[in-house]
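So the chains spell out like this:
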Amino acid sequence: MITVKKMQDEILRLKKEKDICILAHAYQSHDIWEVADFVGDSYGLSLKAAESHAETVLMCGVRFMAETVKILSPDKRVLLSNPQADCPMAQQMGPDQIRKLKEENPGFAVAAYINTTAALKTVCDVCVTSSSAVTIIRNMKQKDILFVPDCRLGAWVASRVPEKNLKLVKGGCPVHACISPDDVRTARALHPNALLLVHPECLPEVSALADYAGSTTGIMDFAKKSDCKEFIIGTENSIVSHLQFACPDKQFYELSKNCICHDMKLTTLANVYQCVCGNGGEEILLPDDVMTEARRCLDTMIELGG
């Protein structure tokens, strides 16, 4: 029998001994946050990994995030803490579908949400994140743009960049899609003094009812800096508990009890422990051509997003 604290202490000891950088996505549990070197969104974590001098990077998140780390840090050994942790949205489209869409829409550039596979990124023109999408789409030289795969994020971006012609492709996050306007009405009735903060992966009619819509990092920053004392959180429910730790003088409520990413929840502290012991995880390996072409897509994101 081992306690959480003892397992965390052993992880901290082993990661230092073995030169391992641990990345934890914001949707991971707090016990994993506490042993991570960096916590944040997928793209921000990949940049931190590239800056790290560690020889091995352990991603506590889902597969496309580990792939992004490998693309930006090709010389590092990159591990995915739980090999079964994937992203349903990332699996909704493949390279052949993008090629077909480009044939059917000549002259359109393709902007891909970063929540996509490395293989799909090879046939796209630029990647975007939820926090950078508006800036990147606005800075693209093309007026006609195919936005894949999240049509709800795409609709949110299109409403803010009306000068562009965004053609949306049906797809998106099934977890955020489960939140309905009825959930908003119920939550506001229960917590009339709370501000509603939602992720733009939610349905447009949900985002339209929010006091703030933005990325996970944006939601957390807004709540921390706001003078308001109560918040309804419309993104993965782990953010509620993280904000409760960060702001114990404030109250946070789930917008929907169903907004839970089961893929994110697959990763446990025990998975992290096994990985630093050398007995778990999966090393991420990508073909050289995929690395090169997917990197082009990410480099364009950096160029246009600043």
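All figures in this text were calculated on a predicted structure; none of them were measured in a lab. Numbering of residues starts from 1 in each chain and follows the order in which that chain's sequence is written. Totals for whole chains, interfaces and linings use all residues, but because this is a predicted model, local features are given only for residues with pLDDT of at least 70 and pairs of side-chain atoms are given and counted only at 80 or more. To obtain the side-chain values, all non-hydrogen atoms of the structure were included, while hydrogens and water were left out.

Student: Give me the lowdown on unusual backbone geometry, citing residues and values where you can.
Tutor: In this chain, Val148 is followed by Pro149 through a cis amide linkage whose omega measures -15 degrees. Tracing the backbone through its elements, the reader meets Pro149 in the loop between strand 7 (144-148) and helix 8 (151-160). Phi at Asp19 is positive, roughly 60 degrees, even though this residue is not glycine. Counting from the N terminus, the helices are DSSP H or I runs at least four residues long and the strands are E runs at least two residues long. Positionally, Asp19 belongs in the loop between helix 1 (4-17) and strand 1 (20-25). Here Asp19 falls in the partly exposed class, since its relative accessible area comes to 31%. In this scheme, a residue with accessible area under 20% of its type's maximum is buried, one over 50% is exposed, and one in between is partly exposed, where area comes from a 1.4 Å probe on protein chains only.

Student: An account of the side chain of Thr68 is requested, with residue identities and associated values reported.
Tutor: Relative to the helices and strands, Thr68 is located in helix 4 (residues 63-72). Taking relative accessible area as the criterion, Thr68 reaches 1% and is therefore assigned buried. Whether two residues are in contact is decided by their heavy atoms: any pair within 4.5 Å suffices. Beyond its immediate chain neighbours, meaning those up to four positions away, Thr68 contacts Ser46, Ile114, Lys121 and Leu298.

Student: Any chance you could break down helix 12 (residues 216-225) for me, citing the residues and the numbers?
Tutor: Taken together, the buried positions of helix 12 are Thr216, Gly218, Ile219, Met220 and Ala223. Those residues of helix 12 that are buried are in contact with helix 2 (30-33), strand 9 (195-198), strand 10 (212-213), strand 11 (230-234), helix 13 (238-246) and strand 12 (251-254).

Student: Account for the packing of helix 3 (residues 42-51) against helix 4, with residues named and values stated.
Tutor: The interhelical angle for the contact between helix 3 and helix 4, taken along N-to-C directions, is 35 degrees, at an axis separation of 9 Å. Relative to helix 4, the crossing made by helix 3 is right-handed. Across from Ser42, Tyr43, Ser46, Leu47, Ala49 and Ala50 in helix 3, the residues of helix 4 making contact are Phe64, Met65, Thr68, Val69 and Leu72. Helix axes are fitted to C-alpha atoms over the stretch in contact, other axes to C-alpha atoms as well, and angles between N-to-C directions run from 0 to 180 degrees. The crossing is said to be left-handed when, going from far helix to near helix, the turn is anticlockwise and less than a right angle, and right-handed when the turn is clockwise.

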